[in-house]
Amino acid sequence: MDATVTAAATAQTPFSTLIRVASHEQHTEAETSSFMSDLLGGKLPVDAYARYTEQLWFVYRALEEAAESLADDPVAGPFIQPELMRTAELERDLAHLRGAGWRARAVPLPATAAYAARVAECARDWPAGYVAHHYTRYLGDLSGGQIIRDKAERTWGFERKGDGVRFYVFEDISNPAAFKRGYRELLDRVNADDLEKQRIIDECKRAFDFNGAVFRELGGEFPLSA
Ligand code: HEM
């Protein structure tokens, strides 16, 4: 196919498809990273799950502290939806996993600190970049997150959809499949030209890289002894 034809095909492909396809390979890498495989394989102690949950807390704080100021933004605003907010759920999970004093002991890994800083930077300076981070986390949590919840409940005995796994439970989203369809429509209508859409895709890849780096550092803290 010559370049003009390819560009025309790309212009006609819904943005939600472009971003999914562009991140597909990195998604597979994330799923099959050794930390995730070990976690989902039931091979790691609950402490590893707690440490991972703690890292998520730093990332979601960055995502959600910015939510109010972005609510009226022409690009990021439509994505800000209260039913997605996860910080309160993560805090409940962490109190359960780590005990009442968890907050004072929570420390971000270097990769987590870099990830959260980039989210905060996008939120402040580049709302379209924030959309990339929003998509990478929330659409993932609504999808594969449910697999992780099921595995965590079985491996460490958390009450079904209870403390420890509340992060994965979206109480106010009764139909995740319909919600994801609506989310993809928001992506397809995003207030950005083709160049900016390409930049969003690039930032999404960066978001996957950040997640991969967090997994690598977690893997370093919890190597398999076997
Ligand atoms: C072992 C870990 C994971 C599993 C089992 C998993 C599984 C899945 C599954 C089954 C879907 C398909 C949903 C659908 O077609 O509607 C999905 C979608 C998605 N996942 Fe994951 N995932 C994992 C890790 C991750 C990570 C680490 C990220 C990034 C932080 C991520 C981000 C996404 C995104 C953004 C989507 C939505 C793709 C789209 O439809 O546009 N996932 N995941």
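Keep in mind the model is a prediction, meaning the values are calculated, not measured.

If you look at the biggest cluster of nonpolar residues, it comprises 54 residues, and the most contacted ones within it are Leu56, Val59, Leu70, Val119, Tyr130, Val131 and Tyr135. The leading source of residues in this core is helix 5 (residues 46–65), at nine residues. Not counting chain neighbours up to four residues away, the residues in contact with Val59 comprise Thr112, Tyr115, Ala116, Val119 and Arg137.

Here we come to unusual backbone geometry. The phi torsion at Lys161 lies on the positive side, around 60°, for a residue other than glycine. For Lys161, the position within the fold is in the loop between helix 11 (145–156) and helix 12 (176–188). The class of Lys161 is partly exposed, set by 13 C-beta atoms lying within 10 Å.

The next thing to look at is the UniProt feature "binding site: heme b" (unreviewed entry) in the protein chain. Mapped onto this structure's residue numbering, the UniProt feature "binding site: heme b" (unreviewed entry) falls at Arg20, His27, Tyr135 and Arg184. Along the chain, His27 falls in helix 3 (residues 24–31). Looking at the element boundaries, Arg184 is found in helix 12. Overall, Arg184 belongs to the partly exposed group, with 18 C-beta atoms counted inside 10 Å.

About the criteria used
Residues numbered from 1 in each chain as written. Predicted model: local features only at pLDDT ≥ 70, side-chain atom pairs only at ≥ 80, totals over all residues. Core = buried A, V, L, I, M, F, W, Y, C linked by C-beta atoms within 7 Å. Buried ≥ 20, exposed ≤ 12 C-beta atoms within 10 Å, placed from the backbone. Helix = DSSP H or I, 4+ residues; strand = E, 2+ residues; numbered from the N terminus. Contact = placed C-beta atoms within 7 Å. UniProt positions renumbered as here; feature names shortened; annotations may be inferred.

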